[in-house]
Amino acid sequence: MKKLIVILLPLLLCGSLQAQDSVRVRCNSVTVSPLPLLGGSALVSYERTLPFRSSVEVELGAQGFYWERLRGAIWNCHTRPGYVGTLGYKFYFPLNRNDMPMMRRGGLVQTSCYLKLRLAYVYQWSSYDIFVGNQGWDILTERHTYHEQDLTLALIYGFQFVSKHGFVLSPFAGYNIPLMVAGPFHTISNPGISAAYAAMLTYGIKIGWAF
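Residues numbered from 1 in each chain as written. Predicted model: local features only at pLDDT ≥ 70, side-chain atom pairs only at ≥ 80, totals over all residues. Heavy atoms only, no water.

Draft legend 1. Structural detail: the environment of Ala196. Tracing the chain through its elements places Ala196 in the loop between strand 7 (167-182) and strand 8 (201-210). Sequence-distant contacts of Ala196, defined by excluding residues within four places in its chain, comprise Leu43, Val84, Thr86, Arg118, Ala120 and Thr202. (Helix = DSSP H or I, 4+ residues; strand = E, 2+ residues; numbered from the N terminus. Contact = heavy atoms within 4.5 Å.)

Draft legend 2. Summary view of the nonpolar core. Residues Tyr92, Leu108, Val162 and Ala210 are the most contacted members of the largest nonpolar core, which totals 14 residues. With three residues, strand 6 (residues 138-162) is the single largest residue contributor to this core. Leaving out residues up to four positions away in the same chain, Ala210 has contacts with Arg26, Asn28, Ser29, Leu108, Val162, Gly166 and Val168. Within the second largest apolar cluster, seven residues are counted, among which are Leu43, Val122, Ala196 and Tyr197. (Core = buried A, V, L, I, M, F, W, Y, C linked by side-chain atoms within 4.5 Å. Buried < 20%, exposed > 50% of the residue type's maximum accessible area, 1.4 Å probe, protein only.)

Draft legend 3. Seen up close, the side chain of Ser127. Along the chain, the position of Ser127 falls in strand 5 (residues 111-135). Take Ser127: its relative accessible area is 15%, and that puts it in the buried class. For Ser127, the side chain forms a polar contact with the side chain of Thr145, separated by 2.6 Å. Discounting chain neighbours no more than four positions away, the residues touching Ser127 are Arg71, Arg143, His144 and Thr145. (Polar contact = N/O pair within 3.5 Å; in protein donor to acceptor, adjacent residues only side chain to side chain.)

Draft legend 4. Structural context of the sheet that holds strand 6. Spatially, 1-2-3-4-5-6-7-8 is the arrangement adopted by the eight strands of the closed barrel, whose pairing is antiparallel. Each strand axis lies, on average, 30 degrees off the axis of its neighbour in the sheet, ignoring direction. (Pairing = 2+ DSSP bridges. Axes fitted to C-alpha atoms, helices over the stretch in contact; angles between N-to-C directions.)

Draft legend 5. Region of the structure containing the pattern of salt bridges. All chains considered together, the criterion is met by six salt bridges. For the salt bridge of Glu47 with Lys90, the shortest nitrogen-to-oxygen distance reads 3.3 Å. With Glu47 in strand 2 (residues 41-50) and Lys90 in strand 4 (residues 82-94), this pair connects stretches of sequence that are 43 residues apart. Note on accessibility: Glu47 and Lys90 belong to one class, buried. What you see here is one network of salt bridges that share partners, running through Glu57, Glu59, Lys116 and Lys206. (Salt bridge = Lys/Arg side-chain N within 4 Å of Asp/Glu carboxyl O.)

Draft legend 6. Representation of the packing of aromatic side chains. Within the structure shown, the criterion is met by five aromatic pairs. Ring centres of Phe91 and Phe93 lie 5.4 Å apart, and the angle between their planes is 75 degrees; this geometry places the pair in the edge-to-face category. Relative accessible area serves as the criterion here: at 34%, Phe93 is assigned to the partly exposed category. Ring centres of Tyr92 and Tyr114 lie 5.7 Å apart, and the angle between their planes is 65 degrees; this geometry places the pair in the edge-to-face category. Pair noted here: Tyr92 is in strand 4 and Tyr114 is in strand 5, with a separation of 22 residues, a long-range link. Put simply, the rings of Tyr83, Tyr123 and Trp125 pair up and form one aromatic cluster. Lying over the aromatic face of Phe185, Arg80 brings its terminal NZ or CZ to 4.2 Å of the ring centre. (Phe/Tyr/Trp six-rings, centres within 6.5 Å; stacked < 30°, edge-to-face > 60°. Lys NZ or Arg CZ within 6 Å of the ring centre and 35° of its normal.)

Draft legend 7. View of the pairing of strand 3 (residues 54-63). Pairing geometry for strand 2 and strand 3, over ten bridges, is antiparallel. Considered in strand 3, the bridge of Leu43 is made with Gly61. Two elements, strand 3 and strand 4, share ten bridges in a ladder whose sense is antiparallel. Paired with Glu59 across the two strands is Thr86, which belongs to strand 4.

This is how it looks when you write it as structure tokens:
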């Protein structure tokens, strides 16, 4: 009996530690940004942690859900139809020093701040009725669709909370730097609004789940 206990005890202890690690160490998260929904956009993020307090985050989204209905609105917070993709690198600063070993192992800790460098690509389009002539009182138009590609770099500061059950809450804000604007809608000095940024600013809050 004693021999059996000696053999089984290390196995049980190892299994217990692995179970605890599976609960505590979360290396992935999926989040959504509710704020872009106000402008007719949707943005979903996937984050994968790396060793040494860092992670890589990819975002994919679509925009312009309300464009045809709200394109003449005074508040001008809606977006043109299009697609958005971003790639970001995050470096974390744990708010609890005891969490540093967990971060070095590549785990998401309960409370932390981070700096994020993000590259965002936006492809968008819009259609207009262009005047081509008239027949008496009848005005003749043709439908033309114009396209634009935008590339921006952003420096973002944020706070991230991960509950013991995996719920993620992350408010953030940062400065957006236009690198390229190839199209008729915007300029470098006025990059417009997309699912990823609002002119020279990017801000919002992310909610989701870590696993």
